[in-house]
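Each chain, letter by letter, is given below.
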Amino acid sequence: VAMTLSPSVEDTEKGVCTIDLRGTTVERTRPAILSALEKMSGLGLPTTAGIAETPLLALYAARSATVPLPEQENEWRAALVDVRNSAAFLEDLPLAVAAPPESMARLLNQWGLRTLGELTAISCEEIVRRLGAEGLALWKRASGGEVRPLHVLTTAPTFSTQTEFEHEIETLEPLLFILKRLLGRFSFELHAAQLVATDIELTLTLENETKRVLTLRLPEATADEGILFRALHTQLDVLRTEACIRALALTLTSQRAPV
């Protein structure tokens, strides 16, 4: 979904993407960002967004935004915080936002410093004199960080899931039912990210702990649920296993959709 906003996307940490929007304006990108938030909610992943002049400040903004409740599905604007005045935005944020080391947090609390604004009101030089390199790093984080190059994703992601069954599967029909549901989800995610699948790999773990692996190169890259399902169905129709199926792992390799 992040890649629908810009090709320059960093997988910053679990649950966090940083997107380079330089060269455009907030007015142009705001509708696309709000649409992306709706797409994520449609995937069952409540999401917030922040726009700011540095990656760290944008992260602070996203974390300060409000996730819409189910009965407020149209209130997406609350989930997007656009920081126009960084000093005013940072002023009242608690020190914990900048993740100070525990011992330093206790010391700053003893000094009566509880917000980012109170910390940055002290000169950088004075903080370095009192707290050294760790204090300098904290002061910079409290100031919103610096512009830095993003570690941009250069390859399209894979889509993967693993499922262990409560009861072993003995026939093809329940296996197909589960695969159709999984491929439906993957198809939705592929469309949202403007990607198409090129390869499918299905690993079946049997009751006797052996594995059967099906690898399929699609004749034509696609995000269509029906085509993906039929491709797997054809392979499974001729598959015979010597034991019941206990678990499966399904992986789709993708690439950017053609323009």
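For the structure itself, consult the block above.
S.K.: Which parts of the structure should I look at to understand the overall build of the protein?
M.R.: Tallying secondary structure elements over the protein gives eight helices and eight strands in all. Computed over its C-alpha atoms, the radius of gyration of the protein comes to 24 Å, more than 25% above the 18 Å expected for a compact globule of 259 residues. Dimensions of the protein along its principal axes, counting C-alpha atoms only, are 75 × 45 × 40 Å. A total of 259 residues make up the protein; the buried ones form 40% of that total. For the protein, contacts bridging at least 24 residues in sequence account for 67% of all contacts bridging at least 6. Of the charged side chains in the protein, 25 are positive and 34 negative, and the gap between their average positions amounts to 4 Å.

S.K.: Just to check I follow, could you spell out the pattern of salt bridges for this structure?
M.R.: A side chain of one charge can pair with a side chain of the opposite charge if their charged atoms are brought near each other. Applying the stated rule across the entire model yields 16 salt bridges. The salt bridge partner of Arg 22 is Asp 20, with a shortest N-O separation of 2.8 Å. Arg 22 sits in the exposed class, given a relative accessible area of 66%. Sharing partners across several salt bridges, the network here consists of Glu 27, Arg 30, Asp 82 and Arg 84.

Criteria and cut-off values
Every residue gets a number counted from 1 within its own chain, in the order that chain's sequence is written. Owing to the predicted nature of the model, reporting of local features is limited to residues with pLDDT of at least 70; listing and counting of side-chain atom pairs is limited to 80 or more, with chain, interface and lining totals taken over all residues. Hydrogen atoms and water are omitted, and side-chain values are computed over all heavy atoms in the structure. Working definition: helices are DSSP H or I runs of at least four residues, strands are E runs of at least two. Numbering for both runs from the N terminus. The reference for a compact globule is 2.2 Å times residues^0.38; the radius of gyration itself is calculated from the C-alpha atoms. The buried label applies to any residue whose accessible area, calculated with a 1.4 Å probe on protein chains only, is under 20% of its type's maximum; exposed applies above 50%, and partly exposed to all values in between. Should any heavy atoms of two residues lie within 4.5 Å, those residues are considered in contact. We score Asp and Glu as negative and Lys and Arg as positive, and we do not count His or the chain ends. To locate a charge, take atom NZ for lysine, CZ for arginine, CG for aspartate or CD for glutamate. For this analysis, a salt bridge means a side-chain nitrogen from Lys or Arg found within 4 Å of a carboxyl oxygen belonging to Asp or Glu.

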